[in-house]
Each structure stands twice: as C-alpha cells, then as structure tokens.
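Residue-level listing of the chains:
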Amino acid sequence: MTTTLHAPLARYAARLHARIGDRHQVASPLGAWLLLALAAPAATGGLRDELDDVLGVDAVTAAGLATALLDAPHPLVPSATAVWHRPGTEPAGLDGWRAGLPRTTATGPLPDQAGLDAWAREHTLGLIDRFPLTVTPLVLVMLASALATRISWADPFDLAPGAALGGAGPWAGRLERVLRAPEYGHRAWIAATGPAGDVAVHAASAVERDGAGLVVLSVAADPAVAPGDVLAAAYQLSGAALDGDDLPADRRSLFDLPLGAGPAWSLREDKVPVWARDGREERHEAVLPCWSARDEHELTDPALGFPAAARALGGLLGVADPGVEARQAAMARYGRYGFEAAAVTGMAVLESLPPDGVRRTAELRFGHPYAVVAVATDRRGGTGPWHGVPVFSAWVAEPEEPATDDLTDPPVPW
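Residues numbered from 1 in each chain as written. Predicted model: local features only at pLDDT ≥ 70, side-chain atom pairs only at ≥ 80, totals over all residues. Heavy atoms only, no water.

Participant: Before we go on, may I ask you to explain the overall build of the protein in this structure?
Facilitator: Secondary structure summary: the protein contains eight helices and 16 strands in total. A compact globule built from 414 residues should have a C-alpha radius of gyration of about 22 Å, whereas the protein, at 28 Å, is more than 25% larger. Considered along the principal axes of its C-alpha atoms, the protein spans approximately 100 × 60 × 45 Å. In the protein, buried positions account for 38% of the 414 residues. Considering only residue pairs separated by 6 or more positions, the protein has 68% of its internal contacts joining residues 24 or more positions apart. Of the roughly 23,600 Å² that the protein leaves accessible, carbon and sulfur atoms contribute 54%. (Helix = DSSP H or I, 4+ residues; strand = E, 2+ residues; numbered from the N terminus. Rg over C-alpha atoms; globule rule 2.2 N^0.38 Å. Buried < 20%, exposed > 50% of the residue type's maximum accessible area, 1.4 Å probe, protein only. Contact = heavy atoms within 4.5 Å. Areas by Shrake-Rupley, 256 points an atom, 1.4 Å probe, with all protein chains shown as cover.)

Participant: Looking at this model, I keep getting lost on the packing of aromatic side chains. Mind explaining?
Facilitator: What characterises a pair of aromatic rings is the spacing of the ring centres plus the angle enclosed by the ring planes. Evaluated as defined, the whole model comprises nine aromatic pairs. Both rings, one in phenylalanine 157 and one in tyrosine 334, keep their centres 5.9 Å apart while their planes meet at 55°; by these two values the pair is tilted. Of the two residues, phenylalanine 157 sits in the loop between β3 (139-152) and β4 (158-161) while tyrosine 334 sits in strand β13 (residues 323-334), which places them 177 residues apart along the sequence. Exposure remark for phenylalanine 157: the relative accessible area of 1% places this residue in the buried category. On the accessibility criterion, tyrosine 334 (1% relative accessible area) is buried. When the centroid spacing of 6.2 Å and the interplanar angle of 70° are considered together, the rings of tyrosine 334 and phenylalanine 339 count as edge-to-face. What makes phenylalanine 339 buried here is its relative accessible area of 13%. An aromatic cluster is built from Trp153, Phe157, Trp291, Tyr334 and Phe339, whose rings are joined through pairwise contacts. (Phe/Tyr/Trp six-rings, centres within 6.5 Å; stacked < 30°, edge-to-face > 60°.)

Participant: Would you explain the sheet that holds strand β5 (residues 177-180) in this entry?
Facilitator: Backbone-to-backbone hydrogen bonds join strands into a sheet, with any given pair of strands oriented parallel or antiparallel. Pairing is antiparallel in the open sheet, where three strands are placed in the order β4-β5-β11. Where the open sheet ends on each side, the last strands, each with one partner, are β4 and β11 (287-288). The pairing of β4 with β5 spans four bridges and is antiparallel. By the bridge assignment for β5, alanine 160 is matched with valine 178. (Pairing = 2+ DSSP bridges.)

Participant: What am I meant to see in the nonpolar core here?
Facilitator: For soluble globular proteins, nonpolar side chains are generally found buried alongside one another. One finds Trp33, Leu143, Phe306, Leu313 and Met347 to be the most contacted residues of the largest nonpolar core, which totals 46 residues. Among the elements of the structure, α1 (2-20), α2 (29-39), α3 (45-55), α4 (59-70), β3, α8 (306-317) and β14 (338-350) are those that each provide at least two residues to this core. The biggest single contributor to this core is α2, with eight residues. When neighbours within four sequence positions are excluded, tryptophan 33 is seen to be in contact with Leu5, Pro8, Leu9, Tyr12, Leu55, Val57, Ala62 and Leu65. Counting residues in hydrophobic clusters, the runner-up holds 22 residues, among them Ala120, Ile128, Phe131 and Leu350. (Core = buried A, V, L, I, M, F, W, Y, C linked by side-chain atoms within 4.5 Å.)

Participant: Where do I start with the sheet that holds β3 in this structure?
Facilitator: One open sheet holds the six strands; their spatial order is β2-β1-β3-β14-β13-β12, and the pairing between them is mixed. Two strands close off the open sheet at either side, each with one partner strand: β2 (106-109) and β12 (291-298). Geometrically, the sheet is characterised by an average inter-axis angle of 10° between neighbouring strands, direction not taken into account. Together, β1 (79-85), β3 and β14 form the strand contacts of helix α6 (residues 113-122), whose direction differs from that of β1 by roughly 165°. Sheet strands touched by α8: β3, β13 and β14. Its angle to β14, the strand with the most contacts, is close to 45°. (Axes fitted to C-alpha atoms, helices over the stretch in contact; angles between N-to-C directions.)

Participant: What exactly am I supposed to notice about the pattern of salt bridges here?
Facilitator: Pairing is possible between side chains that carry opposite charge, provided their charged atoms lie close to one another. Summed over the entire model, instances satisfying the criterion amount to 19 salt bridges. A salt bridge links arginine 311 to glutamate 50; the nearest nitrogen and oxygen atoms lie 3.2 Å apart. Note that arginine 311 is positioned in helix α8 and glutamate 50 in helix α3, a separation of 261 residues in sequence. Judged by relative accessible area, arginine 311 falls into the partly exposed class, the value being 31%. Using a relative accessible area of 28% as the deciding quantity, one classes glutamate 50 as partly exposed. Here arginine 86 and glutamate 351 are joined by a salt bridge, their closest N and O atoms 2.9 Å apart. Of this pair, arginine 86 sits in the loop between β1 and α5 (95-99) while glutamate 351 sits in the loop between β14 and β15 (370-375); the two residues are 265 residues apart in sequence, bridging distant segments of the chain. Residue class for arginine 86 comes out partly exposed when judged on its relative accessible area of 21%. (Salt bridge = Lys/Arg side-chain N within 4 Å of Asp/Glu carboxyl O.)

Laid out in structure tokens, this is it:
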C-alpha cells in the first residue's frame, strides 16, 4: 500500500510546494491529499476526472488508500479525520457518500469555533491550537484532517560549533551551535538524482514503538538548484531511507567524486589504516542546524483539487455552484533530541451567495436625550417570575466623556 501511495503523493507534494514558493515553510501534502481522497467518491463525470488527475490515482483507489491509513493508525503519527454538517440540518444527500468514509472518520453537526480549536489541539498533541478555518453561517459541510508526531531520536545528535557548517555557506557565521550526527546510528550518503543532481542525504530514526518507527530525511543540493527539484529528490529518496543498512541504489561512491568542496559537502582523503580488502574505505559525516517552522497555506488554487471537491459535495446537496474555503495550518521543530510536527487541514463547502441586490443600512445615532430600561430575564424551571420585569430605567440627558478606566483594557473578570 505504501509503495502505491508514494508516487501520487510525491506528485501532489510537488504541486503544493510549488504554490507555496521557495520561502521557509512546512506543510503536509498528505494531510491535504487525504481530504481530497475522502471527497473524491462524491464526484462524477468531469469532476471525477479532475480529481483523479489531482490525486494521481482514480477516486476509488485513493479512497481505499486513505481508508487503509486512517483505519490502521500509526503509533508515532496520530491521525484523525472528520466530516461535519451545518447544525440543525440533516443533509440526506450525503448519506451514501458518508457511508463509504473510513470507520474512524468522525461525523456530526459542525462544532462552534471553540470546538474546532479543541479538535485541532486534541488531534495534534497540542502542537496546533487553532483550527485554520472559521465557522460562519454559510458553511454547509466541513471536512478536516489532522496529523501529528512527536518523537525522540534513537541516537541523539552531538553539538558542534556553527563554523562546522563550512565557510562557504551563509549560516556558518550566524550560528554558534549546530548538530553533528553521531558516529553510529544515523545514515548519511551522497546520492545521484534527476534534476537536483548529486545531493547530500542524512537520515535520523526515531525510537520505535510497537514495531513502528519514523525516519526524518534531510536532502541538500547545489544552492543553484530550484527548491522544487530538491523537494522532489527528497521524496524520491525517502524510500531508500527505510532500507536500514542496505546501500541505497543511487548512492555515489566517494572515490568517483572530486576532492575538495562539493555542492553540499567537502571531500578529503587521508592515509589511515583500513580494514577493506581493496584498501579503500568510505565514511560519511553530517552537520545540520536546528530548525523550526510554523505556517498556514491557502489551498483554494484549482490545481490543488479543493474547488472540484467542493463542487462534488455541493452536487450531493443540490447546490450548483458552492463556495469553498480550504486552508492548512502546519508546524515542525527539529532539534538535538527529537522531532515534532503537526498539520490540520480544513475544507468548507459554502452555501451559494444570493444574487446582487440593494441593501440599505441605518446607523443609529443617540445624539440627543433618550430613554434606557433594564429588564430582567428568568428561565428557572421554565419562565420565572422575574422574566420580563423592568428593573431599572433612565432618561439620558447629560452625556459624559468616557471614564479613565474605559480607556484601558478591562480587568479579568470585567
């Protein structure tokens, strides 16, 4: 299953990262892809073809891949999905589609904003505390996915001076301390790729749980290589990162590379005792910076598939031209002792806006004497005796400037 998903996911990742651009960023293409895979079976005709193209596989296959992932959660990568509808309605048109959702997908009325934020916190280990979309009266259906991880390295990094990054790069003079891979436990190599050329590769593994693990791959190319090509190379090489001690097929022999400075490494040769029969030994070291990122991404570009998914779901609801909102909130942190990351993706199918008309707005201005009445409410055991009773009344004929306390933030509680 993983092998089948790898190619379409890498293709979707290329689309997503291309639209984010080459700035510092973090995203979860998988989080977005999962929502499209859940929505795709609702599509027919041209919309189905459009979503098949975006997903990289047909809708039935995509839904099956998503279900296999979500219904067999990874111990180190908690995941969750949800489909909510507008409160106070029961959209029967969605019944057939909802019946095919993964059994772990939550369904029901749309929570309020506080409930959505709580859902994001609960399903991201507290790493994301705000849902990326806002609840409005226009929302007909909302889909959400969440992915998170917080792992410890099986073999933590050592520390090294920032100068270990090398004098040619811009970061060596900015950082006092960086991470040096331990002599044993991590994997590092130089790999030959397509458009990215030769790249430096480092892989660090998490402490496994219940036989499941996580490998974090870092890939550096010549600075002149486009970021999209480096990201594509990283996806291409990610399968090799899982091969344990096996030598990757694309691994370059250090004896086939020139000595001195390379695109993302420095190669030296020393006369030392070696155990290899041919008298040639290869060794790889790796130095990396700590890093963190927090991001939000707009996903309504048609190339990312969400407008088509919204039209498919709108069709089940009898809404010919629904609006769509789609956003992802993501974060990651890479440090000496571990790695953590999370993403929440939300898609809202919105009610069609009414046609243009005429609106009149009255701005009420209390600029002369006026009356005030304070009325009690009482709903104890139904309607209580105080309900509707005017308690205070006034005639305002002498206005005042705001008090000093009114000009500052109120105390808590106010």
